Amino acid sequence: MNTQESRRGLPLVICAPSGAGKTTLVNRLTAEFSLDFSVSCTTRAPRGAERDGVEYFFLSRETFLERRDRGEFAEWAEVHGNFYGTPLQPVREHLAEGRDMLFDIDVQGAAQLALTLPEARFVFILPPSLEVLEQRLRGRGTDGEDAIRLRLANARKEIMESHWFHALIVNDDLDQAYDELRAFYVASRLHPSLRPRLARAVCG
Ligand code: 5GP
């Protein structure tokens, strides 16, 4: 019996307000486990060393809207004045091959993805308080006062809407937050929806 062959990949969606520590947690998870990133399309310009097809597929607004209207995105959203969307076809292929996928998308996109991919699992990372989040954003030194105010207002809104996620992880102590994320991921991979042929493989 080869029960591994019947497993589908897990779509794991991780959302967090900026400054909550998502990138550090995601980097740890991808260093320990074999998870493929879903590469999104965006209409924003590349930043720094970002490469087309690696961090994002960089599209013109026109091309993005055409692809959206053809129904090519599993979800899409307008974030900070730019469009972002998850191409559906590569996601379907990865999952069918039994490869787990990680999605770094915003909360409005996550809510749409819950409809397109019902087997997806959704994690929300919270800061211990908005005061701590504010200190972290100021400590980064990358945003001006207006940007910090906007990020804090968005964070409050997202946190208040996070009740529908499958897991809420408070990133106060990084090691503990990682242990919780890891445990949730490992448990989620056992869900019966990812193993549609397991019972038959065992029982014959
Ligand atoms: P950034 O431009 O800083 O890379 O990303 C800005 C925001 O867009 C982040 O909150 C990120 O999670 C979100 N984002 C990135 N890709 C997608 C996507 O495909 N769909 C949605 N809905 N949001 C995305």
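Now for a description of the structure that goes with this document. (Residues numbered from 1 in each chain as written. Predicted model: local features only at pLDDT ≥ 70, side-chain atom pairs only at ≥ 80, totals over all residues. Heavy atoms only, no water.)

Turning to the state of the cysteines, a few remarks are in order. Using the criterion set out here, one finds 0 disulfides in the structure. Cys15 takes part in no disulfide bond, and the closest cysteine sulfur to it belongs to Cys41, at a distance of 18 Å. (Disulfide = S-S within 2.5 Å.)

Attention now goes to the environment of Pro128. Assignment of secondary structure puts Pro128 in the loop between strand S8 (121-126) and helix H5 (130-140). We classify Pro128 as partly exposed; its relative accessible area is 35%. Among all residues touching Pro128, those that are not within four sequence positions of it are Arg136, Val170, Asn171 and Asp172. (Helix = DSSP H or I, 4+ residues; strand = E, 2+ residues; numbered from the N terminus. Buried < 20%, exposed > 50% of the residue type's maximum accessible area, 1.4 Å probe, protein only. Contact = heavy atoms within 4.5 Å.)

This part takes up the packing of H5 against helix H6 (residues 145-160). The geometry of a pair of packed helices is captured by two quantities: the angle between their axes and the separation between those axes. Where H5 contacts H6, the two axes come as close as 10 Å, and the packing angle between them is 145°. The element H5 and its partner H6 pack so that their crossing is right-handed. Residue-level contacts link Leu130, Leu133, Glu134, Leu137, Arg138 and Arg140 of H5 to Glu145, Ile148, Arg149, Arg151, Leu152, Ala155, Arg156 and Ile159 of H6. (Axes fitted to C-alpha atoms, helices over the stretch in contact; angles between N-to-C directions. Left-handed = near helix turned anticlockwise from the far one by under 90°.)

Turning our attention to the packing of aromatic side chains. Under the definition given, this model contains 10 aromatic pairs. Measuring from centroid to centroid gives 6.3 Å for Phe122 and Phe165, while their planes differ by 85°, and the two rings are edge-to-face. Of this pair, Phe122 sits in strand S8 while Phe165 sits in the loop between H6 and strand S9 (167-170), and the two are 43 residues apart along the sequence. When sorted by exposure, Phe122 lands in the same class as Phe165, which is buried. Cluster of aromatic residues (ring-pair linked, three or more members): Phe64, Phe73, Trp76 and Phe83. One Lys or Arg, Arg68, reaches over the ring of Trp76 and ends 4.7 Å from the middle of that ring. (Phe/Tyr/Trp six-rings, centres within 6.5 Å; stacked < 30°, edge-to-face > 60°. Lys NZ or Arg CZ within 6 Å of the ring centre and 35° of its normal.)

Once that is clear, we can look at the layout of surface pockets. Computed from the structure, the largest pocket encloses a volume of approximately 1,500 Å³. Contributing to the lining of the largest pocket are 44 residues, with Ser18, Lys22, Tyr56, His80 and Asp104 lying nearest its centre. Only helix H1 (22-32), strand S5 (73-79), strand S6 (82-87), helix H4 (107-116) and H6 provide two or more residues apiece to the lining of the largest pocket. Broken down by element, the lining of the largest pocket gets its largest block of residues, 6 residues, from H6. Taken together, the residues of the lining of the largest pocket sort by class into 19 nonpolar, 12 polar and 13 charged. (1 Å grid on protein atoms, 1.4 Å probe; cavity = no way out; pocket = protein on both sides within 12 Å on 5 of 7 lines; lining within 4 Å. Points joined across faces, edges and corners; volume = space filled by probe spheres on them. Nonpolar A, V, L, I, M, F, W, Y, C, P; charged D, E, K, R; others polar.)

Quick look at the site of the ligand now. Residues in close proximity to the ligand total 15 residues, the closest being Ser40, Arg44, Tyr56, Glu75 and Tyr84. At 3.4 Å from an oxygen atom of the ligand is found a main-chain nitrogen or oxygen belonging to Gly85. Taking Asp104, its side chain carries an N or O atom lying 2.9 Å from an oxygen atom of the ligand. A total of 520 Å² of accessible area belongs to the ligand in isolation, and the protein chains cover 85% of it. Taking a 2 Å distance to the grid points as the criterion, the majority of the atoms of the ligand fall inside the largest pocket. Every element with two or more residues in the shell around the ligand is listed here: S5 and S6. (Near = heavy atom within 4 Å. Polar contact = N/O pair within 3.5 Å; in protein donor to acceptor, adjacent residues only side chain to side chain. Areas by Shrake-Rupley, 256 points an atom, 1.4 Å probe, with all protein chains shown as cover. Sits in = over half its atoms within 2 Å of the grid points.)

Our next topic: the side chain of Ser40. Its place among the elements puts Ser40 in strand S3 (residues 40-42). Overall, Ser40 belongs to the buried group, its relative accessible area being 7%. What Ser40 contacts, discounting residues up to four positions off in sequence, is Tyr56, Phe57, Gly85, Thr86 and Pro87.

Glancing now at the pairing of S5. Counting buried residues along S5, 5 of its 7 residues qualify, which places the element largely inside the surrounding structure. Inspection of the sheet shows S5 paired to S6 by 6 bridges, in the antiparallel sense. Bridged to Val79 within S6 is Asn82. Once S5 ends, the chain turns through 2 residues before running back antiparallel as S6, passing His80 with a positive phi of about 50°. (Pairing = 2+ DSSP bridges.)

Our next topic: a negative patch on the surface. Together, Asp172, Asp173, Asp179 and Glu180 give the surface a local cluster of negative charge. Along the polypeptide, Glu180 turns up in helix H7 (residues 174-188). Residue class for Glu180 comes out partly exposed when judged on its relative accessible area of 32%. (Patch = residues over 30% accessible without salt bridge, like charges linked within 9 Å, V, L, I, M, F, W, Y side chains within 5 Å. Salt bridge = Lys/Arg side-chain N within 4 Å of Asp/Glu carboxyl O. Lys, Arg positive; Asp, Glu negative; His and termini not counted. Charge placed at Lys NZ, Arg CZ, Asp CG, Glu CD.)

Honestly, that's just the spatial picture; any functional story needs more than this.
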